[in-house]
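# Structure assessment
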Amino acid sequence: MPEFRAVDVETELARDVLAEYFTSRELGFTGGLYQVTWPTSATFTPPDGVFLVAEHDDVVAGCGGVRRVEPSSTGETRFEVKHLWVREEARGRGVGAALLQELEVRARALGAHEMVLDTNRSLTAAARLYAAAGYQPTEPYNDNPNATDWFAKRLPGA
């Protein structure tokens, strides 16, 4: 099972794994030019968010974060999943599912009632992961130029 470590997104470790993530997204992106937006510490620091590095067998296996976004139409607290990524050599071991679940736990601890995320339809494995975790298609909640699909999930106990 992977272990998760909260890190500042501006540390060398986070920047290195995010650079790998962005490179993989750029190489596999369809539908134009992928636009990279580097995260900032303020967005991914409690109580507004958290960024995790996943380690499996003492090796960095991936990363992901959650950040507070505009409340839902009913005024409930929402967090967005961002930069969820697993290195190719760590895929198929449950790292992505465990990381997503841990991000939900961390967001709930920060007060989230609902999770949202955006993705690109070319990321079919990600879409399967989100569907298996209970995410449902929703209307666009942002104007991310890289996104083609938006999902939401109400958190248990919210």
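Residues numbered from 1 in each chain as written. Predicted model: local features only at pLDDT ≥ 70, side-chain atom pairs only at ≥ 80, totals over all residues. Heavy atoms only, no water.

### Examining the overall build of the chain
Operational definition: Working definition: helices are DSSP H or I runs of at least four residues, strands are E runs of at least two. Numbering for both runs from the N terminus. For the exposure calls, accessible area comes from a 1.4 Å probe over protein chains only, and a residue counts as buried if that area is under 20% of its type's maximum, exposed if over 50%, partly exposed in between.
The helix and strand inventory of the chain stands at three helices and seven strands. Secondary structure of the chain in N-to-C order comes out as β-α-β-β-β-α-β-α-β-β. Overall size of the chain, expressed as C-alpha extent along the three principal axes, is 40 × 35 × 30 Å. Taken across its 158 residues, the chain has 42% of its residues classed as buried.

### Here we look at the environment of N120
Inclusion rule: Any pair of residues with heavy atoms lying within 4.5 Å of one another is described as a contacting pair. Here a polar contact is recorded for every N or O atom pair within 3.5 Å, except that within protein the pair must consist of a potential hydrogen donor and a potential acceptor, and residues adjacent in sequence are included only if both atoms are side-chain atoms.
Within the element layout of this structure, N120 appears in the loop between β5 (114–119) and α3 (124–132). For the pair formed by N120 and P145, sequence separation is 25 residues and the distance between their alpha carbons is 9.7 Å. Leaving out residues up to four positions away in the same chain, N120 has contacts with R25, F29, T30, N146, T148 and D149. Among the polar contacts listed, one links the side chain of N120 to the side chain of S122, at a separation of 2.8 Å.

### Brief notes about unusual backbone geometry
Along the chain, P46 connects to P47 via a cis peptide bond; the corresponding omega equals 10 degrees. When you line up the elements, P47 lands in the loop between α1 (12–28) and β2 (49–56). Within the chain, H83 stands out as a residue other than glycine whose phi angle is a positive 60 degrees. With respect to the helices and strands, H83 occurs in strand β4 (residues 78–86). Overall, H83 belongs to the buried group, its relative accessible area being 10%.

### Re the layout of surface pockets
The condition that has to hold: A cavity, in this analysis, means grid points on a 1 Å lattice covering only the protein atoms where a 1.4 Å probe fits yet has no way out; a pocket is instead an open set bounded by protein on both sides within 12 Å along at least five of seven lines, and a residue lines either one if it has an atom within 4 Å of a point. Grid points are joined across faces, edges and corners, and a volume is the space filled by probe spheres set on the points. Residues are grouped as follows: Ala, Val, Leu, Ile, Met, Phe, Trp, Tyr, Cys and Pro are nonpolar; Asp, Glu, Lys and Arg are charged; every other residue, Gly included, is polar.
Space inside the largest pocket adds up to approximately 1000 Å³. Taken together, 46 residues line the largest pocket, and the ones lying closest to its centre are Y21, R25, L84, L123 and Y130. Looking at the lining of the largest pocket, the elements that each hand over two or more residues are α1, β4, α2 (95–109), β5 and α3. By residue number, the principal contributor to the lining of the largest pocket is β4, which donates seven residues. Its residues placed into classes, the lining of the largest pocket shows 21 nonpolar, 17 polar and eight charged.

Shape is all these values report; function is a separate question.
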